[in-house]
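Observations on the model geometry
So you can see what is in the structure, the chains are spelled out below.
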Amino acid sequence: MTETEHPRPLAAAADGDALSAPAPAAAETPEAFADLLAEAGGEPRRRWKKGEKLTVPVVSVSADWVFVSLGGKEEGNIRIDEFAAPATADGGSAPRGIPAVGDQLDAYVLSATGGEVVLTTRVGRREASLSALEEAWQGGIPVEGRVAQAVKGGFEVRISGLRAFCPLSQIDLRWPRKPEEYLGQVYLFKVVEFKEKGRNIIVSRRALLEQERAQQREELLASVVPGAVVTGTVRSVQAFGAFVDLGGVDALVPASEMSWRRVEDLAEFLPVGRVVTAQVLAVDWERDRVSLSLKALESDPWTVAASRYHPGQRVQGTVARLTNFGAFVTLEPGVDGLVHISALGGGRRVRHPKEVVAVGEAVEAEVVTVDIAARRIALSLDHRHQESLGDLPVPGSVVSGTVENVAEFGVFLRLPSGHTGLVPNAEMATPRGTDHARMFRPGDALEVVVLDVEEGGRRIRLSRKATIEHKEAEVAREYREATAEAPTSMGTLGDLLRAKLKNR
């Protein structure tokens, strides 16, 4: 149907009163019209209720009207200036753009007389009047208003030259933290109270937002299911995750589902207002809980980690964070390895990883184990210490070291090669229960025998007792040699031993 085929609407609104229309003649009432159609064998027209909300498609546009389909052959019309309203004295109405044929519009029934159905998308400020607002209140039709100023308990809203009050709790879905952000804004409101012939008008923006949200939620019930990919806007960010508005329901992206890589600052990673695409993890409509995941739409870096990392390999990484039990090193985004505290000091005792490395430091580590199923890679920095050391001591050799520290189970010695070895308490040649911490101080020299060297020098076991036994055996050998060459008396073996040990 073309634009020229539409006659001018029969019930044009009177100036200053958009909701007023001339009363139809008796023969033109909807009931009479329905009877005539029924007698002619056609379908009776639907009886429209004032204020009824409809979603209708645009079928044509003229210079003054937008025509929409009401189903079958019936059409309705909407004044075109609702979509491109001129400026007014109280600040103007922001144009929304002329709709195109095929667009879907949400509209409300203004009147249905003489076979003509007049609709509106809202009562604009330009055409508002007390009677228009009263009928908008009775029919639940939105009205357009500008937030003029903040007053006690809420806002003054100007609808043309008329004043209305919007309570603070009714300006948005959530309590406004910054009321000043609403000043000067143009919104649609629902008239919730009309008293004292218009001297007391209360409006609510929240009521319309809740209606829209409820409608959107019903649509989401079918589309938001586990596995579905959805788009929403970040509403707020908390320590445990971010809330995303899906347009009818809030969904939570837990901190653990942000990304495969570690996210230190959630607010920086996902700022409020950002539009995101995520996958639905779980839905509980009874409690209005929807869980989303951003990382589910990313490739899992651990799927290729098995072929990329293997024991004995040297890898480059950056120290991401420190804990009491070790240091986590990021090898690539989403893949962290752990250097246990025992693999940080090259055999020496480390009380905290910060004694060896710092967050942000680039390190070369050695892969110890790879467990893809558990998503764990064990690393070691021992090689850094080992490569700076001299030749390993030979088992059975006698070496001199200095006390590094004393533990309950033994004494740690720093050897001339730079390696650290342990003299267990059983190898100290002291009475059982001796307090070695009082007997030896860091820096004291001790001569020991190397018993074992394991794990490439990471474990070296020493013995002070073997050194003493070695000295006693040497003295006994010297005594035997001396008595064999000179049979004359040279004193007792004990005297010789004491003298030998004293000289040493």
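Preceding block: the structure.
Residues numbered from 1 in each chain as written. Predicted model: local features only at pLDDT ≥ 70, side-chain atom pairs only at ≥ 80, totals over all residues. Heavy atoms only, no water.

1. Here we look at the environment of glutamate 134
In this structure, glutamate 134 sits in helix 2 (residues 130-139). Relative accessible area serves as the criterion here: at 32%, glutamate 134 is assigned to the partly exposed category. (Helix = DSSP H or I, 4+ residues; strand = E, 2+ residues; numbered from the N terminus. Buried < 20%, exposed > 50% of the residue type's maximum accessible area, 1.4 Å probe, protein only.)

2. With respect to the sheet that holds strand 18 (residues 335-340)
With mixed pairing, five strands are arranged side by side around a closed barrel as 16-17-18-20-19. On average, each strand axis in the sheet is tilted by 50 degrees relative to the strand beside it, whichever way the strands run. (Pairing = 2+ DSSP bridges. Axes fitted to C-alpha atoms, helices over the stretch in contact; angles between N-to-C directions.)

3. A word on the packing of aromatic side chains
As enumerated under the stated definition, the model contains seven aromatic pairs in all. When the ring of tryptophan 137 is compared with that of phenylalanine 194, the centres are 6.1 Å apart and the planes differ by 25 degrees; the resulting orientation is stacked. A residue pair is termed long-range when its members are at least 10 positions apart, and tryptophan 137 in helix 2 and phenylalanine 194 in strand 9 (residues 186-195) qualify at 57 residues. Tryptophan 137 sits in the partly exposed class, given a relative accessible area of 34%. Aromatic side chains phenylalanine 325 and phenylalanine 328 sit 6.1 Å apart centroid to centroid with 85 degrees between the ring planes, which places their arrangement in the edge-to-face category. A relative accessible area of 43% places phenylalanine 325 in the partly exposed class. By the ring-pair criterion, three or more aromatic residues cluster together here, those being Phe155, Tyr182, Tyr187 and Phe189. (Phe/Tyr/Trp six-rings, centres within 6.5 Å; stacked < 30°, edge-to-face > 60°.)

4. Some thoughts on the pairing of strand 18
The pairing of strand 17 (residues 326-332) with strand 18 spans six bridges and is classified as antiparallel. In the strand pairing of strand 18, glutamate 332 is matched with valine 335.

5. A look at the pairing of strand 6 (residues 143-151)
With four bridges connecting them, strand 6 and strand 9 associate as antiparallel partners. Across the sheet, glycine 145 pairs through a bridge with tyrosine 187, a residue of strand 9. For strand 6 and strand 7 (residues 154-159), the ladder comprises five bridges, and the chain directions are antiparallel. Across the sheet, the residue bridging to arginine 146 is arginine 158, located in strand 7. Between strand 6 and strand 7, which pair antiparallel in sequence order, lie two residues; one of them, glycine 153, sits at a positive phi of approximately 85 degrees.

6. Overview of helix 3 (residues 205-223)
Spanning 19 residues, helix 3 covers 27 Å between terminal C-alpha atoms, matching the ideal 27 Å at 1.5 Å per step. What helix 3 keeps buried is the set Arg205, Ala207, Leu208, Leu209, Arg213 and Leu220. Contact partners of the buried residues in helix 3: strand 8 (162-167), strand 9, strand 10 (200-204), strand 12 (241-245) and strand 13 (250-254). Residue serine 204 occupies the N-cap position of helix 3, its side-chain oxygen lying 3.3 Å from the main-chain nitrogen of arginine 206. (Expected span 1.5 Å × (residues − 1). Contact = heavy atoms within 4.5 Å. Polar contact = N/O pair within 3.5 Å; in protein donor to acceptor, adjacent residues only side chain to side chain.)

7. Focus on the side chain of lysine 295
Locating lysine 295 in the fold gives a position in the loop between strand 15 (289-293) and helix 5 (305-308). Here lysine 295 is buried and forms no salt bridge, its nearest opposite-charge partner glutamate 257 lying at an N-O distance of 4.4 Å. In terms of polar contacts, lysine 295 uses its side chain to reach the backbone carbonyl oxygen of serine 256, at 3.2 Å. Once residues lying within four places of it in the same chain are set aside, the contact partners of lysine 295 are Ser256, Glu257, Met258, Ser259 and Trp260. (Lys, Arg positive; Asp, Glu negative; His and termini not counted. Salt bridge = Lys/Arg side-chain N within 4 Å of Asp/Glu carboxyl O.)

Purely spatial values, then, with no claim about function.
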